Amino acid sequence: MRRLVLGSAAVAACVVILGSALGQPPPGLPMPRVNTAFPPGAKVGTAAEVSVTGADLDEPSGLYFSHPGIKAEYVEPPEPADPKKKDEKKDAPPQPRRKGMAGPAAGPHKFKVSVAADVPPGTYDVRAVGKWGVSNPRAFVVGEFPEVPEKEPNNDVPEAQKVEVGTTVLGQIANPTDVDYTAFAGKAGQKVVISVQASSIDGKTRPMIEVYNAAGHKLAQNRNYRDADAVVDLTLPADGDYYVRLFEFTYTSGSADHTYRLTISSAPWVDFVFPPAVEFGKATPVTVYGRNLPGGQPSGFFLDGRPLEKLTATVTPPTDPLAAQRLTIRDQIEPVTALQDGFEYRLKGPGGTSNPVPVYFAREKPVLKKNAGGTKADTAEALAAPCEVVGMITKRNDRDWYSFDAKKGEPVMLELTAERNGTPADFYFTVHNPQAKNDQMGPEQDDDTDLLHPTEFYTRTSDPPPYRFVPPMDGKYLVAVGCRESNVLTGPATAYRLRVGPPRPDFRVVARTYTKSYQAGSAGRQDGSEAVEVFVHRMDGFTGEVAVTAEGLPAGVTTKGTTVGGGARWGVLVLNVAAGAAPAVAEIKVKATATVDGKQLVREARPATVTWGVQPGNNTPTLGRLAQSLVIAVRPEKAFFKLAADPAAAAVKAGGKDEKVSGPIFLKQGEKLTLPVKVTWVSADKQNVTLAADPVFPGQQQAPFTVTAGTQPTKEKAEGVVTVDVKANAFPGKYAVTVRGDAQVPFVREGAKGGGKGGNVPTAAFADPIEFTVLPTSLVKVAPGQIPNNTLKLGDKAEMLIKLDRQFDYAGPLKVRFAAPMGLTGITADEVTVPAGKGEEAKLVIRAAADAKAGAVNNAVITVTGTFAGKEIVTETKVNFNVTKTK
């Protein structure tokens, strides 16, 4: 379950490198941010006092949980004693403060949190709500064991905190050299599992755990089991006391943000479920691999030097059709696994319930690799494609070989996943041609470097990218699957899925409030705007337009939606807050709609958050994860300014001339759009505004368009202009551009020192997205052939074969026409229509009238016309041939 490539481990390293810089609050107007909610959990059916710290947590009013069965009540601190009151006694009872005004902006603020008895165990999100809005989420775990706070001093064996097996200790590594000892009593032969949650609960701790007996002999140790979490299991050798030593591995960091949950129990621990993917809606028998499994048998495989047990169980996937496009797990979900669909599995045992493990949905019919599966080319296991074969490396240094049949020119998707399933291994594959002595076809398929976003949602994986294989001829082909660590790693730790089947274009969407590398929440102001970042994951070559909107918006908040075009991956959804919108905190749903193969698909965006932010602009990935909900807030404070683009005054620069836009905006590849933008100040203190737009694709060279500001709005002049530059190779279709305005505005908190004067802070406003359609200069590449001998006799006819190479996934009908050179009569051809979605060629029958003029026909024109977005797109080419008299 560990990550062996750049991902959370890389960001964990950033904790060390950047130190306190990691997680710094974003500059600008106040926006609630929670660093730590401690303790980070409670036992089901109980209540606990939770302390919240962070920034901009003024006037807290409550906590917002992702499960309605978890509720919180603010605990007002007592009024501090006034030293000026001489008659006040030292032992006088404290007096309550005025509600909502207690504590500093950074906290700590205390809440009484109650967990209902019917809340399922698992990890949930908690957010703080206060004067400035709603914060980012933090993990809050509902457990089934009694939970106790860490008690200091516990830095050595004599001070060890004594607990019983079946207890969770909630602690913090307060400083780099802090060491926490926990002691428990056990019986000879008793099986115990000790787990530490750290990164999975949004903590900064990178713990190492060691287990000792009373004589001081080390019995077990572990770190980095899954990211920074740790797990050990052991069978106690004798009756007596045992000690768990927990510390920051490198002794280089420690703070109140270095939280952990240490659980000592006899519950089962699940490491792997095989197969890791099953058919949606169909109960499936699986093999569970783990530790302390009820009725478990030796598996013969090891993980971290510990033997794994196995048992057979049945998993029952959900049957709700909407669940087929969701990933529903009450645990932390990192970007590397966030784009799959699936559900969670837990195993119950006499000592409690296991940890959750994801089980994914296969995209093709799943089949298990045969036990005698081919490990050489000449013994390759035959697959009945389409299918999704699930296997594992069972012997060191093995490679698994498979064969499949394919038709010439019909694409086959080969998709190999391992790390994205939770497997701690680096896989690769190659394709071979058995008809050419098993020669390798194309390069080795290895690490996927194509990211959903290079910094904001870092999906880097060691799995190969999906590979579109186009067979050069009918026949059988081979795939060899290998693992880089197969010399040391075997068994379920090398489980993989290989999909072999036709392309199935689809998409998934991730959305989060506009935070740009910082961990923050939402603070929508009246008469202003709030924004949501949208990231579109395109699957199997999907290039369609994705229309995005939001549901469940609070009263007074509206959106016009946005469109992420076929050549784009990212977009910004703008939420407009009315001048009289009432304060609110609401969970919203972002919905995305697209048409795939003539069918409309609707996908609900997966909420995301920045766990620990970084300073933007230095190409360092943020530490992020999926969230369980997307929450926005409306506050009664007024925005400083509004922004609006004026498409009616826009102009298209074509052929050196500016043409005013009338109605919908159409731009040909290579054209530019000048778009006026106006600032309306709500505040009386006007400032200069800088216009910009977020990119829609990584890298300017590959982006379908770029946006640059020409004239910037100033204090004196509210209008500015931006230019949308459509690239010559832009993928055609509908797009949207969202213009952002940045300004420095004066701001001071109420009650601030210094006479109420404050400095300038940055703030932003967003204009509603402006949609435009990019038209292709051509829909098809035309390659005309020759008539026989390139000669046509008078009074005769001849066929000319026109090769058509459709571009930009265009599948509409094409009309092919012939036009003789100007002034030449008697040389004609009937129009030919190539049906929609069919035909890569057309046959023109060219006729020469008996009274036509003999001689050379030069520069006759062949046009191929298609319709795109209601506009005719004409491609033209010229041909030459001779006309001769009949002998």
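Each helix and strand counted, the protein chain has 1 helix and 74 strands in total. Over its C-alpha atoms the protein chain spans a radius of gyration of 32 Å, differing by no more than 12% from the 29 Å that the globule rule assigns to 887 residues. Projected onto the principal axes, the alpha-carbon positions of the protein chain cover approximately 125 × 80 × 40 Å. By the burial criterion, 55% of the 887 residues in the protein chain qualify as buried.

This part is about the environment of Arg468. Locating Arg468 in the fold gives a position in strand β39 (residues 467-469). What makes Arg468 partly exposed here is its relative accessible area of 47%. Taking C-alpha positions, Arg468 is 41 Å from Gly656, a pair spaced 188 residues apart along the chain. For Arg468, the contacting residues outside a window of four places in its chain are Pro411, Val412, Met413 and Pro503.

Attention shifts here to unusual backbone geometry. Residue Phe274 is joined to Pro275 through a cis peptide bond whose omega torsion reads 5 degrees. Note on placement: Pro275 falls in the loop between β22 (269-274) and β23 (277-278). In this structure, the amide linkage connecting Ala385 to the following residue, Pro386, adopts the cis form with an omega of 5 degrees. Counting through the fold element by element, Pro386 comes out in the loop between β33 (381-382) and β34 (387-391). Its identity as a non-glycine residue notwithstanding, Asp202 has a phi of 70 degrees, on the positive side. Considering the arrangement of structural elements, one finds Asp202 in the loop between β16 (191-197) and β17 (207-213). Even without a glycine there, the phi angle at Asn397 is positive, about 65 degrees. Checked against the element boundaries, Asn397 lands in the loop between β34 and β35 (400-406). Judged by relative accessible area, Asn397 falls into the exposed class, the value being 55%.

Turning our eyes to something else, we now look at the sheet that holds strand β42 (residues 506-513). Read across the open sheet, the 6 strands follow the order β46-β48-β44-β42-β51-β52; overall the sheet is mixed. In this open sheet, the two edge strands, each paired with only one partner strand, are β46 (557-558) and β52 (623-626). Alignment of strand β51 (residues 606-612) against β52, held across 4 bridges, turns out to be antiparallel. Bridge assignment links Ala608 to a residue of β52, and that residue is Leu626.

The next thing to look at is the sheet that holds strand β24 (residues 284-291). Across the sheet, which stays open at both edges, the 4 strands sit in the order β22-β24-β26-β25 with antiparallel pairing between neighbours. Looking at the sheet topology across the chains shown, the edges are occupied by β22 and β25 (297-303). Direction aside, the axes of adjacent strands within the sheet are offset by 40 degrees on average. Pairing of β24 with strand β26 (residues 306-315), which is carried by 7 bridges, proceeds in the antiparallel orientation. Opposite Val288, over in β26, you have Leu311 as the bridge partner.

Summarising burial for strand β14 (residues 167-172): 5 of the 6 residues are buried, a large majority. Strand direction decides the pairing type here: strand β12 (residues 147-149) and β14, joined by 3 bridges, are parallel. The residue of β14 that forms the bridge with Glu147 is Thr168. The pairing of β14 with strand β21 (residues 259-265) spans 6 bridges and is classified as antiparallel. Bridge pairing links Thr168 to Thr263 in β21.

Next up on the list: the packing of aromatic side chains. Here the structure, examined in full by the defined rule, presents 23 aromatic pairs. Considering the side-chain rings of Phe641 and Trp681, the 5.0 Å spacing of their centres and the 45 degrees angle between planes classify their relative orientation as tilted. You can see Phe641 sitting in strand β54 (residues 641-645) and its partner Trp681 sitting in strand β58 (residues 672-681), a full 40 residues away along the chain. Geometrically, the ring pair formed by Phe705 and Tyr735 is edge-to-face, given 5.8 Å between the ring centres and 80 degrees between the ring planes. Here Phe705 is found in strand β60 (residues 705-709), whereas its partner Tyr735 is found in strand β62 (residues 733-737), with 30 residues between them in sequence.

Of all 11 residues making up strand β44 (residues 529-539), 10 are buried, and the element is well covered by its neighbours. Bridge count between β42 and β44: 8 bridges; the pairing is antiparallel. Bridging from a neighbouring strand, Arg512 pairs with Glu533 of β44. When β44 meets strand β48 (residues 570-577), the two strands line up antiparallel, connected through 7 bridges. Looking at β48, one finds that Ser529 is bridged to Asn576.

For the rest of this paragraph, the subject is the side chain of Thr417. Mapping Thr417 onto the fold places it in strand β36 (residues 412-417). Taking relative accessible area as the criterion, Thr417 reaches 7% and is therefore assigned buried. With residues near it in sequence (within four places) discarded, Thr417 still touches Asp463, Ala495, Tyr496 and Arg497.

Here the focus is the pattern of salt bridges. As enumerated under the stated definition, the model contains 51 salt bridges in all. Here Asp331 makes a salt bridge to Arg226, at a shortest N to O gap of 2.7 Å. Of this pair, Asp331 sits in the loop between β27 (327-328) and β28 (342-345) while Arg226 sits in the loop between β18 (218-222) and β19 (230-235), placing them 105 residues apart in sequence. According to the relative accessible area criterion, Asp331 is buried, its value standing at 13%. Beyond isolated ion pairs, a larger network of salt bridges with shared partners links Glu456, Arg512, Lys516, Glu533, Asp694, Arg740 and Asp742.

For Thr867, the location among the structural elements is in strand β73 (residues 855-868). Each C-alpha atom, one on Thr867 and one on Gln325, is 33 Å from the other, the two residues being 542 residues apart in sequence. Setting aside residues up to four positions removed in sequence, Thr867 forms contacts with Leu779, Tyr810 and Glu872.

Another point: the environment of Thr316. Topologically, Thr316 is positioned in the loop between β26 and β27. Setting aside chain neighbours within four positions, we find Thr316 in contact with Ala283 and Phe343.

Before going further, it helps to spend a moment on the confidence of the model for the protein chain. The predicted model of the protein chain has a mean per-residue pLDDT of 92, with 93% of residues at 70 or higher. Counting contacts from residues 1-20, a segment whose pLDDT is below 50, to residues more than four positions away or on other chains yields 46 contacts. Taken together, the stretch residues 94-100 has pLDDT below 50 and engages in 17 contacts with residues farther than four places along the chain or on a different chain.

With that out of the way, let us pick up the side chain of Asn292. As for its placement among the helices and strands, Asn292 is situated in the loop between β24 and β25. A distance of 2.6 Å separates a polar atom in the side chain of Asn292 from the backbone oxygen of Ser266. In terms of polar contacts, Asn292 uses its side chain to reach the backbone carbonyl oxygen of Ala267, at 3.4 Å. Excluding its chain neighbours within four sequence positions, the residues that come into contact with Asn292 are Lys191, Val193, Ser266, Ala267, Pro268 and Glu309.

Thresholds, definitions, all that
- Sequence order as written defines the numbering, with residues in each chain counted from 1.
- Reporting in this predicted model follows two pLDDT cut-offs: at least 70 for local features of residues, and 80 or more for side-chain atom pairs to be given and counted; totals over whole chains, interfaces and linings ignore these cut-offs and use all residues.
- To obtain the side-chain values, all non-hydrogen atoms of the structure were used and water was disregarded.
- Segments assigned H or I by DSSP are reported as helices when at least four residues long, segments assigned E as strands when at least two residues long, and all are numbered from the N terminus.
- Only C-alpha atoms enter the radius of gyration, while the globule expectation follows 2.2 Å times N to the 0.38, with N the number of residues.
- Here's how the labels work: a residue is buried when its accessible area is under 20% of the maximum for its type, exposed when over 50%, partly exposed in between, all with a 1.4 Å probe on protein chains only.
- Two residues form a contact once any of their heavy atoms are found within 4.5 Å.
- Being paired, for any two strands, means DSSP has found at least two bridges between them.
- To get an axis, fit a line to the C-alpha atoms, keeping to the stretch in contact for a helix; angles then go from 0 to 180 degrees between the N-to-C directions.
- Put simply, two rings from Phe, Tyr or Trp (the six-membered ring, in Trp's case) pair if the centres are within 6.5 Å, and we call them stacked under 30 degrees between planes, edge-to-face over 60, tilted for the rest.
- Throughout this description, the term salt bridge denotes a Lys or Arg side-chain nitrogen within 4 Å of a carboxyl oxygen of Asp or Glu.
- Residue-level confidence of the predictor is what pLDDT reports, using numbers from 0 through 100.
- Think of a polar contact as two N or O atoms within 3.5 Å of one another; within protein, one of them needs to be a possible hydrogen donor and the other a possible acceptor, and neighboring residues in sequence only count if both atoms come from side chains.

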